[in-house]
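Residue-level structural notes
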Amino acid sequence: MALRGWRPAAAALAAGRPRGSDPGGASAPGTGPGPEPGAPGGAVTAALYVHWPYCRKHCSYCSFNKYVVPAVDEAAVRACLVREAQTLLRLGQVQSVTSVFFGGGTPSLASPHTIAAVLEAAAEAAHLPAGAEVTLEANPSSASPVRLAGFKAAGVNRLLVGVQSLDAAELRLLGREHTVDEARAAVEAARGLFPGRTSIDLLFGLPGQSREAWARSLEAALGLCDDHLALYQLTLERGTALEARVRRGALPAPPQDLLANMYHTARAVLAAAGFRQYEVSNFARKGALSTHNLSYWRAEQYVGVGPGSHGRFVPWGEGSHQREARVQTPDPDAWMREVQSRGHGTRRRVALSPLEQLEELLALGLRTDEGITQQRWGRFSPQQPLWAVFGGPGEAMALQQQGWLLLDGRGLRCTPQGLAVLDSLLPALLCQLQRTAGTGGRGTEGRGGQGQEAAGGQGPEAHGRQGTEAVGEQGTEPHGGHGTEAGREQGP
């Protein structure tokens, strides 16, 4: 089958060399995927998230869906990723894939051949434009220049490097397998291959981390980074080794006032360096915003492929007209058996009620500095504009008067001060939405109820760390902004 708009550089990949110049550029503010599927004349579009579940070791803080195994049958995993991508894209009748994100786990442990095969599958099942953003998460320990060149030849044009810290003691505390020197070398190699399209992750709020240590980390990061970085407050998740040490009293829990100080310090330092805080945890300069992440925060459709991945899309291929939340089977072996037997590994699917979709739009959209535009809200709520829901007396008006929120002709958004305390604002706004837009319930359950697997060999489903369950499980670079994991890029 001829590929429409994109083709893997098979010859270059075989020769072990890059395939030429970087396609495309980062998205500009206000741009993104097309109209909501089903809109008159609108093409069905979706972002694609692909989850590689394997790691070489368990980091002490990580609670994502990852597995450390003696050996990986990559050919079998690759075949299942390809088949599931095609099944789900066709189920959603997706006509154009707006972006692709390879998360994990540690997707840089996959071979470039696997990355190329998945991209080719997406291009066969739907249109994958030549300039579409294709991001891969990489750990410094599996990001040699030769390997990164292979990923570029496979079609990757943006790299996310899981640096997490530039302090040797902090890296040991986090259980990372790379050194500071390896992190620096990986970022420098990535910047050479993906200039302007390399992002790094940093964690703050580590047990015992001081204000001075964080300031040094920021200074070091600014000397190393490209035009995008994400800062995540460490979340001590139950079941992780680091959380257990803090719970036992072996390590101190960071005080809340120190966490707030670290966050505000970072915002000020990055603003002075020319970075725009376009989302709670994400900062970019020179327009280097992440197209893929914006698709989550703008509540666009996304299809999730791979063990434990999450998705949000309408399964038009089954005759449905309702957006569903989908979760794939998390265990890789069980997931592969399901994909081999019926084309996908959907474990759970739930049809989202109109109110639930508005709740997700509100919680996600307010994470960005652009907020929720009048146009985007109207696609989900044509009968009740933003003014009707939030313009009258109530919580939103009070938050505006207090300087946390803005509602005007552009839409609804947080002020810079409000963006820093979004978690504390959302409950009141969600209450007003539920009261004004209707009680709504928790939504109907898709085809046979919650927990039932999607029917049919071409059946439905999708994604793993991004999600909007908490919005960002699969989501966006490691650990949600300022006390929440919402919106993470799906990282290692």
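Residues numbered from 1 in each chain as written. Predicted model: local features only at pLDDT ≥ 70, side-chain atom pairs only at ≥ 80, totals over all residues. Heavy atoms only, no water.

Within an unreviewed UniProt entry, the label attached to the protein chain reads Radical S-adenosyl methionine domain-containing protein, and the organism entered is Aythya fuligula. Recorded in UniProt for the protein chain, the comment headed Sequence similarities (unreviewed entry) runs: "Belongs to the anaerobic coproporphyrinogen-III oxidase family. HemW subfamily." Regarding the protein chain, the relevant UniProt record gives this comment under Subcellular location (unreviewed entry): "Mitochondrion". (UniProt positions renumbered as here; feature names shortened; annotations may be inferred.)

Our focus in this paragraph is the sheet that holds strand E13 (residues 372–373). Reading across from one edge, E13-E15-E14 is the order of the 3 strands in this open sheet, with antiparallel pairing throughout. If you trace the sheet from one side to the other, it starts and ends with E13 and strand E14 (405–407), each paired once. Judged from the 3 bridges that link them, E14 and strand E15 (residues 411–414) form a sheet pairing that is antiparallel. The residue of E15 that forms the bridge with leucine 405 is cysteine 414. (Pairing = 2+ DSSP bridges. Helix = DSSP H or I, 4+ residues; strand = E, 2+ residues; numbered from the N terminus.)

All right, on to the pattern of salt bridges then. Think of it this way: side chains of opposite charge can pair up when their charged atoms draw near. Throughout the structure, instances matching the rule amount to 18 salt bridges. One salt bridge connects arginine 312 with glutamate 360, and the closest N-O pair in it is separated by 3.1 Å. Taken together, the residues span a long stretch of sequence, with arginine 312 in strand E10 (residues 310–313) and glutamate 360 in helix H12 (residues 354–365) at a distance of 48 residues. Glutamate 360 matches arginine 312 in its accessibility class, with the two residues each being buried. In this structure, glutamate 395 and arginine 435 form a salt bridge, with 2.8 Å as the shortest nitrogen-oxygen distance. With glutamate 395 in helix H15 (residues 395–401) and arginine 435 in helix H17 (residues 422–437), the pair connects residues that are 40 residues apart, well separated along the chain. Salt bridges sharing partners connect three or more residues here, namely Glu318, Glu324, Arg326 and Arg349. (Salt bridge = Lys/Arg side-chain N within 4 Å of Asp/Glu carboxyl O. Buried < 20%, exposed > 50% of the residue type's maximum accessible area, 1.4 Å probe, protein only.)

The next thing to look at is the environment of lysine 57. Considering the arrangement of structural elements, one finds lysine 57 in the loop between strand E1 (45–52) and helix H2 (74–91). A relative accessible area of 33% means that lysine 57 is categorised as partly exposed. When the C-alpha positions of lysine 57 and tyrosine 67 are compared, they lie 8.3 Å apart, and in sequence the two are 10 residues distant. Residues within four places of lysine 57 in sequence aside, it is in contact with Val68, Gly175, Arg176 and Glu177. Engagement of the side chain of lysine 57 in a polar contact is seen with the backbone oxygen of glycine 175, the distance being 2.9 Å. (Contact = heavy atoms within 4.5 Å. Polar contact = N/O pair within 3.5 Å; in protein donor to acceptor, adjacent residues only side chain to side chain.)

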